[in-house]
Each structure stands twice: as C-alpha cells, then as structure tokens.
Protein chains: 2
Amino acid sequence: MAEETGNWVLMVTAQTPTNIAVIKYWGKRDETLILPVNDSISVTLDPDHLCTTTTVAVSPSFVNDRMWLNDKEISLSGRRFQNCLREIRNRACDFEDKQKGIKIEKKDWEKLHVHIASYNNFPTAAGLASSAAGFACLVFSLAKLMNLREDQSQLSAIARQGSGSACRSLFGGFVKWIMGKDEKGSDSLAVQLADEEHWNDLVIIIAVVSSRQKETSSTSGMRESVETSLLLQHRAKEVVPKRIVQMEKAIKNRDFSSFAQLACADSNQFHAVCLDTSPPIFYMNDTSHRIISYVEKWNRSEGSPQVAYTFDAGPNAVMIARNRKVATQLLQRLLFFFPPNSDTDLNSYVLGDKSILHDAGIEGMKDVEELPPPEINTAPAQKYQGDVSYFICTRPGRGPVLLSDESKALLNPETGMPK
Amino acid sequence: MAEETGNWVLMVTAQTPTNIAVIKYWGKRDETLILPVNDSISVTLDPDHLCTTTTVAVSPSFVNDRMWLNDKEISLSGRRFQNCLREIRNRACDFEDKQKGIKIEKKDWEKLHVHIASYNNFPTAAGLASSAAGFACLVFSLAKLMNLREDQSQLSAIARQGSGSACRSLFGGFVKWIMGKDEKGSDSLAVQLADEEHWNDLVIIIAVVSSRQKETSSTSGMRESVETSLLLQHRAKEVVPKRIVQMEKAIKNRDFSSFAQLACADSNQFHAVCLDTSPPIFYMNDTSHRIISYVEKWNRSEGSPQVAYTFDAGPNAVMIARNRKVATQLLQRLLFFFPPNSDTDLNSYVLGDKSILHDAGIEGMKDVEELPPPEINTAPAQKYQGDVSYFICTRPGRGPVLLSDESKALLNPETGMPK
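Residues numbered from 1 in each chain as written. Chains lettered and ligands numbered in written order. Predicted model: local features only at pLDDT ≥ 70, side-chain atom pairs only at ≥ 80, totals over all residues. Heavy atoms only, no water.

- Under an unreviewed UniProt entry, the name given to chain A is Diphosphomevalonate decarboxylase, and the source organism is Dipteronia dyeriana.
- Quoted verbatim from the Function (unreviewed entry) field of UniProt, the annotation for chain A is "Performs the first committed step in the biosynthesis of isoprene-containing compounds such as sterols and terpenoids." (UniProt positions renumbered as here; feature names shortened; annotations may be inferred.)

As structure tokens, this is what we get:
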C-alpha cells in the first residue's frame, strides 16, 4: 500500500434490486450462518422502482468502518454486518490503479477501513424487503471494490449472512435460493432460474397497506415458528420440495396458471405457519384478506388465474398480473375498492411505472371517482378509502449493476463522507 | 295405536346446551355419516345463557313432519334432519300412557308424524354453535318422546349425523368426541370426561365480534380444507392425537396452564389450516387478532396463563378465565378496549351472568368510560368502539335436561301447533 499517498479515496457505487419470494423462506436451521429449512424462489423487482443504491469507499485516511443509511449514520457493530465485512475482506484480492497511483495488496485490505452509504428509493419501513436489497448491494459493491474473484452465486452466500433473502437479490429475473447441505453454509446460495427477459409479460402491482399494528420482525418471527409451530417442519420437508420442482417448471414454461396457483398457496401456507406459532403471528390484516378474497373471486370467475398474490412479513400485497391488459384492469379495480384519502394526490398514490395508470385511462382523481364497480364483485360494492397507503407498479427486473457515473455516488470522492 | 283417539298429542320438551371445542374438529372422513378426521374435546356452556329449547310432539292428527325454528317454519327435507329422524324412528320403543289412554307400539312410530318447535336463547346467526345445540336437542327430545333405550353416547352418535359438533352437546362439563374406526360410524360418539362441577372455577366470556364479511359455512369450509390443505392430514394424524391425551390430562388435573396453552395453540392451528386451504378461509378478523394479542400479552406478563381463547368458524372470541377474579379483570379490560357504541345500553352489551359486571364495579356506561387503561398494555392504549357487538358471561354447564313444566313447551298441548 502506498502509505505516502494517504489522501486517496477508492470508491464503487452499485444498484441492487429487491425481490419477492413466490415460494417462501420461513425458518432457519442455523441462526448464525442464516441457513434455511427449505429452498425458496423469488422474482426480482425492477430496480427502476424499488432498489438500493450503495457507495462503498476505502481510504487510508478513514479511521473506522462507518455506514450511513438514507443519510443517517447507523451502527456496523451488528453480527450480520460484521459477518459480511469479514467474509469479503477474507476474499479481497490485489488491486492496482496506476493512473491514480493506488496499489493495494491482498494483505492490506485488512487494515483499510470502509465507508458505506446506502439509499433506498422506497420507504425503508414499509415492509418491502429493504434489508434484502441492502445487504445484496453492500456485498456486491464491496466485492467490486475489493476486487473479489467470486461469481454472483458465491457472493450470494455472503449476502445470505447479512439477510437470508438478500442472496436472491444478486440476480435478476427468477431466482432460486438452494438451501444446501453443508454445515458451514458454503452451498446455501442463489442461482438464476431465468433472466428478466424470459417472461416479460408479467406486471407487478404492490399495495402498501396501512397498518397500525406493530409487527413482529421476520427474524424473531421465524425463530418462534421454528421453535413452536408443529406444522413448519412438515411444510419444509414434505410440501416445499415438491412445490419448488413445480414452480421451476411453471417459470420455465411461462405457465401462469401453475405459477399463480403455487405462489398463492405458498404465501397462504407461510402465513398459516405464522398463525400456528405460539404466540401466533399475524402479518396480514383485514385489508390483506379483502385483496386476497377479491383476487380469488376474479380468478374463479375467469376460469383461470389472471393475478397471483403473495404477502411477506407484513400486510402489503404483491400482485403479479399475467399481462399488461390484466394489470390495467387490476389497477382500475384496486383503485375502485381502495381509493386514496381525499387529501392524497393521485401522483403520490400510484408510484413506479405510471404508464399503467395511463393505459387504465386514469389521469386524475375524477377518473378514480368515476370508476365503475367491477362486474364480478358481490353487490353492494363496498369501498375502503384510506386502507391502502399507495400502490407501486413494477415488473420483473435486472440484477445488481455498477454505476460508473460518479454523480450517482453517495460519498464525496475527495473526502469519502456522505455528499 | 288407539286409532279411535285421534285427537291426542304426546309431547316432550327439552333444553340442550351449546359447546365450544378446545381441541378442534375440522375435516370429515365421511361427509354423509359425518365422521371426523380426528378426536375433539369441548366445554359445554351453561344453558342458562346459551341453549336450545325444543318441544317435539306426535299425534295421529298430524299429516306431515313439520318444524319451526325461532317461530318460523323451516324445511325438514334436508339430509341431516332426515338422517336423525330415521335413526330415531328405527330405535323407537313401545310406549304407553294409561292415564291419557295412549298406547304406541314400536311399529306404529313409523306412521306417526312429528311436530318440532325449537328456540335459541341467543342469536342464531351469530356463530355460536346454534346447530350443535339444535341437533342435540332435537335428538334428545325425540329419543325421550319415542322411548328410546339408548344411552347418551349412543344418542350422540345420532346427533352427530345432524351436525358433527352436536354430539358433544349431549353431555355437560368436558366432553370428548371419539372419532371412531367403524366405517358405518357406530363408534364415532361423545363421552363425558368430567362433569360441570369438576372444574367450576372457570368463567367464560364470549365476545360477539361485529363482522361485515360473508363467512364460509363450516360444512363447505372443512370440505375445502380436506380437499386442498396440505397441512390438514398432518394435523389430524400427528398433532391432534397427542394434544387429546394432554388435554384430557389437563382437564383431569385442573391444570389451567396446560389447558390454556393447548386450547390456544389448537384454535390457532385450526385457523392456520383454514388459511392453508385454497382459496384460503379467513374466519378471524382484525378484532379477533387484537383480542388474541391482548390475551397473549397479559398471559406473558403474568408468567403463566390467566385466560385461554378459542375461535370457531367466525370472528367471535371465546375466552376462558382461570377463575372469577381473573374474569372480572378480563371483563374490565375488554370493556376498556371495546366500549359499546354510544347508543348501546350496557344491559344489552353484557349478557349472561351479569354478576361479573357487578364484581367489576361496573353499574353503568359512566363506569365503562372511567375504566383505567390496563397497566400491561403498550402505550397509547387505543380503543376500538363498536368492534364488539356484545359480550356474554357464562361458565361450564350441564347437559340436556327434560323440562316437565308444560308452560315451557313451545307447542300447544291440544293442537300440537306453535304457541
């Protein structure tokens, strides 16, 4: 290491997507290494609408490892951060930038402190898998910075130690987290089943549901389920392995009926296991139930599934429409049942890909008020104003990317401090 | 049969309790005979507060079998009614009342029509097991009328064919429905585990929860669970048999901690199986969840269970307090969180054993308004006015009884028509 040039800052910025599981991860067989009790499968969401951007930097001038999340400094002392940092430093390789006169040898990385700045383009606390995108981005960007030779799957096994579902955010499209057999977790990693172009008809609408309930964190929730649910092991050993095979096939064949049937059933079974936990865990609320009942009714009335739904550890509904036409109808129907509060602007009520709104012929609140009741609803069509905070329209998306444009960096290239 | 005396009416009136399962019945192995996939255990509720009264009559003057429920004539053509009537007529015995000059031989019963009038002292549609009390009372009163020699367990196997859980209403106290092995159902019947005096500390408070949702009937719900839930068979075969043994022991030893832990876990698991059904069935709503969360928090804060909860196929909470002191506290806390709407009179908001209200020092709405927030609640203590329709205070109660007082009969002794 060129000790004399103590004022340089080496920096990498990356963007990583979030993901939503369609075959759920619920339960660890090893709490420290974050090894799951079953495989899981997810869809990566378009980072244009939901992603984490992270800038990581090293400099001989840094005196501590430090991190800022959404402009606020947070502690890196947690085991999960420490595990990721240690695993990456262990694999760091020689690096040289002759132009800048920077040379870092493998052994030097141990002594260099990092600065990390991370930003979510969506509300962190809304239950939208921010920790998945966050840890994936942390690991991906640090791996680039420290010149790791590991492939994406090997990196996913590191991200897994930050947050289990983070390993699935290392790829775009459709991703499987293989639970693995190794006690040390070396084979518990993510692989891509298909990229985001494979099935690009799909449109995803997320309903961020208003909730006054304090929720059980997924970490403690799944620990309690493993300890107390008498159904969890049966699910993990007998039910999920078959569903994984069926889901892989459904994705490969773009078989929406099977995809939807499996995704809905598996989401419901995950919440059933939560309910079978002692004390029981309720992530879904009456609004979640209403959305499910409506989608189920619609699917039955059409004779085949048009929309799949899945819920993570919270009341938010993630709905996957088989194509754009169905998504347009879905958005109309959702806006009919769940209109915004009167003081809410449509522009801040439907986020993400607003072209779906346009296709639905909705330009303003007047169009929402004039939406006709969906034909298939049971009369009278009740409305639940204010029960949804906002909607996000998105689609399956790409995996992590490096952002070479320095203006996108979250740290100052001179000081290594947040901009 | 004394054909010439065609104007006599022979009549029996009985009162039968309802019951609440603490190890749940969910799923039939035979739809027609109503044979369950597992044993279940229930507590019989005091008929003073929740019961069905039924008068049955025969007369040579009756030209059809007819039935009135809550003063309204209903059809007896359904399979369940027909099965019960047929099974009882098959077992009818010689009868003679010398005083009235009535003599009916075994073979005559076939030709005699019955009139049946039934009345619930609680709202029929409120999800309070009205069909259990109803079919139990129908079978019990007809058996007395037709002079059957069968014991209560044998009668329970007939009531079972009207409504599964009805078989458990043939006894007071604590009752087990043994699933049986016989294909024909002869050994699928109820037995008493302990009478109502065995554990008379227990106090039961029912919260009848307001609901706008149309609910899935338990008959179709359990059929759909059997057909689609991948967890139901595991529950029935692996989980329930062990719980039955533990619950019998808990009841025998009046071990409230085990009783409560088992009852709560089994209620939650039954609802988990409902959620694992396709399409999913939601019986509990946000109010039900709030009651569970509150009771769980209370039990944890006390270090041992004070209150058990259990929910049937609807949002109503049945809470079992370990003793009267706890019940008094429970009622105060429930009234704090769920005060009645301002136009509701306290007297119609707390039904059943009103002495608990008195013990709680609550004489009027002013006392409800002045209730302090429970110490163990997380601040701020939110109130949910109007989310509960009313409460019923009751206790474990006796089995079916005959009412000899003719003024209690629901049919006119001269005409055999509703009074």
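There's more to say after this.
Things to note about the overall build of chain A
Moving on, step 1. Along its length, chain A carries 11 helices and 19 strands.
Moving on, step 2. Here the C-alpha radius of gyration of chain A, 22 Å, is about what a compact globule of 419 residues would show, namely 22 Å.
Moving on, step 3. The C-alpha extent of chain A, read off along each of the three principal axes, is 75 × 50 × 40 Å.
Moving on, step 4. By sequence separation, contacts in chain A at least 24 residues apart represent 76% of the contacts at least 6 residues apart.
Moving on, step 5. Here chain A displays about 16900 Å² of accessible surface, and carbon together with sulfur accounts for 47% of that area.
Moving on, step 6. Put simply, chain A has 47 plus and 51 minus side-chain charges, and the middle of one group is 4 Å from the middle of the other. (Helix = DSSP H or I, 4+ residues; strand = E, 2+ residues; numbered from the N terminus. Rg over C-alpha atoms; globule rule 2.2 N^0.38 Å. Contact = heavy atoms within 4.5 Å. Areas by Shrake-Rupley, 256 points an atom, 1.4 Å probe, with all protein chains shown as cover. Lys, Arg positive; Asp, Glu negative; His and termini not counted. Charge placed at Lys NZ, Arg CZ, Asp CG, Glu CD.)

Brief notes about the packing of aromatic side chains
Moving on, step 1. The full count for this structure, using the stated rule, is 30 aromatic pairs over all chains.
Moving on, step 2. Between the aromatic rings of Phe336 of chain A and Phe337 of chain A, the centroid separation amounts to 5.3 Å while the plane-to-plane angle is 80°, which identifies the pairing as edge-to-face. Each member of the pair, Phe336 of chain A as well as Phe337 of chain A, carries the same accessibility label: buried.
Moving on, step 3. A centroid spacing of 6.0 Å and a plane angle of 35° characterise the contact between Phe256 of chain B and Phe259 of chain B, whose relative ring orientation is tilted. Placement of the pair is Phe256 of chain B and Phe259 of chain B together in helix α6 (residues 256-275), with a separation of 3 residues, close to one helical turn. Phe259 of chain B matches Phe256 of chain B in its accessibility class, with the two residues each being buried. (Phe/Tyr/Trp six-rings, centres within 6.5 Å; stacked < 30°, edge-to-face > 60°. Buried < 20%, exposed > 50% of the residue type's maximum accessible area, 1.4 Å probe, protein only.)

Things to note about the environment of Cys167 of chain B
All names here are of chain B.
Moving on, step 1. Examined against the element boundaries, Cys167 turns out to sit in the loop between α3 (152-159) and β12 (174-178).
Moving on, step 2. Residue class for Cys167 comes out buried when judged on its relative accessible area of 0%.
Moving on, step 3. Sequence spacing of Cys167 and Trp177 is 10 residues, and the spatial spacing of their C-alpha atoms is 7.2 Å.
Moving on, step 4. Among residues more than four places away in sequence, those in contact with Cys167 are Ser156, Ala159, Arg160, Trp177 and Ala190.

Focus on the interface of chain A and chain B
Moving on, step 1. Of the residues lining the interface, 29 residues belong to chain A; the matching set on chain B comes to 29 residues.
Moving on, step 2. In this structure, the connection of chain A to chain B is made through 0 salt bridges.
Moving on, step 3. There are 6 residue pairs in polar contact (both at pLDDT 80 or more) connecting chain A and chain B.
Moving on, step 4. At the level of secondary structure, the elements contributing two or more residues to the side of chain A that touches chain B comprise α5 (232-252), α6 (256-275) and α7 (286-302) of chain A.
Moving on, step 5. The element best represented in the side of chain A that touches chain B is α7 of chain A, accounting for 7 residues.
Moving on, step 6. Considering only residue class, the side of chain A that touches chain B consists of 12 nonpolar, 9 polar and 8 charged. (Salt bridge = Lys/Arg side-chain N within 4 Å of Asp/Glu carboxyl O. Polar contact = N/O pair within 3.5 Å; in protein donor to acceptor, adjacent residues only side chain to side chain. Nonpolar A, V, L, I, M, F, W, Y, C, P; charged D, E, K, R; others polar.)

Quick notes on the sheet that holds strand β16 (residues 317-321) of chain B
Residues and elements named next belong to chain B.
Moving on, step 1. Pairing is mixed across the open sheet formed by 5 strands, whose spatial order is β15-β16-β14-β18-β17. Strands with a single pairing partner mark the edges of an open sheet, and in this sheet they are β15 (307-310) and β17 (350-352). Between one strand axis and the next, the sheet turns through 25° on average, direction left out of account.
Moving on, step 2. Of the pairings in the sheet, the one linking β15 to β16 comprises 4 bridges and is antiparallel in character. Bridge pairing links Thr310 to Val318 in β16.
Moving on, step 3. On top of the sheet, α6 reaches β15 and β16; it is set at about 25° to β15, its chief contact.
Moving on, step 4. In the packing of helix α8 (residues 324-337) onto the sheet, the strands contacted are β14 (203-209), β15, β16, β17 and β18 (388-394), and the crossing angle to β14 comes to about 20°. (Pairing = 2+ DSSP bridges. Axes fitted to C-alpha atoms, helices over the stretch in contact; angles between N-to-C directions.)

Notes on the relation of the copies chain A and chain B
Moving on, step 1. Rotating chain A by 180° and moving it 0.0 Å along the rotation axis overlays it on chain B with an RMSD of 0.0 Å. Seen this way, the second copy is the image of the first under a two-fold rotation axis. Nearest to the rotation axis, the C-alpha of Ala272 of chain A is located 2.0 Å from it, this being the minimum over chain A. (Least-squares fit on C-alpha atoms with pLDDT ≥ 70 in both.)

Topic: the domain arrangement of chain A
All names here are of chain A.
Moving on, step 1. Examined at the domain level, chain A breaks down into domain 1 (10-196 + 402-408) and domain 2 (203-394).
Moving on, step 2. In this structure, domain 1 and domain 2 have C-alpha centres spaced 28 Å apart.
Moving on, step 3. Contact residues are listed per partner, giving 29 residues for domain 1 and 40 residues for domain 2.
Moving on, step 4. Summed over both sides, the interface between domain 1 and domain 2 buries roughly 2800 Å², with carbon and sulfur atoms accounting for 72% of that surface.
Moving on, step 5. Interface area lost by domain 1 to domain 2 is led by Ile23, Lys24 and Trp26, which between them contribute 30%.
Moving on, step 6. Seen at the junction of domain 1 and domain 2, the total is 3 salt bridges.
Moving on, step 7. Linking Asp312 and Lys24 is a salt bridge whose minimum nitrogen-to-oxygen distance equals 2.7 Å. (Domains from an automatic or database assignment. Buried area = accessible area lost by both parts, 1.4 Å probe.)

As for the packing of helix α1 (residues 79-91) of chain A against helix α2 (residues 130-145) of chain A
All names here are of chain A.
Moving on, step 1. At a minimum axis distance of 10 Å, the contact between α1 and α2 shows a crossing angle of 25°. What the angle tells us is that α1 and α2 run roughly parallel. For the element pair α1 and α2, the recorded crossing hand is right-handed. For the pair α1 and α2, contact is made by Arg80, Phe81, Cys84, Leu85 and Ile88 and by Phe135, Leu138, Val139, Leu142 and Ala143, respectively.
Moving on, step 2. Of the residues in the contact of α1 with α2, the class split is 9 nonpolar, no polar and 1 charged. (Parallel < 35°, antiparallel > 145°, perpendicular 65-115°, else oblique. Left-handed = near helix turned anticlockwise from the far one by under 90°.)

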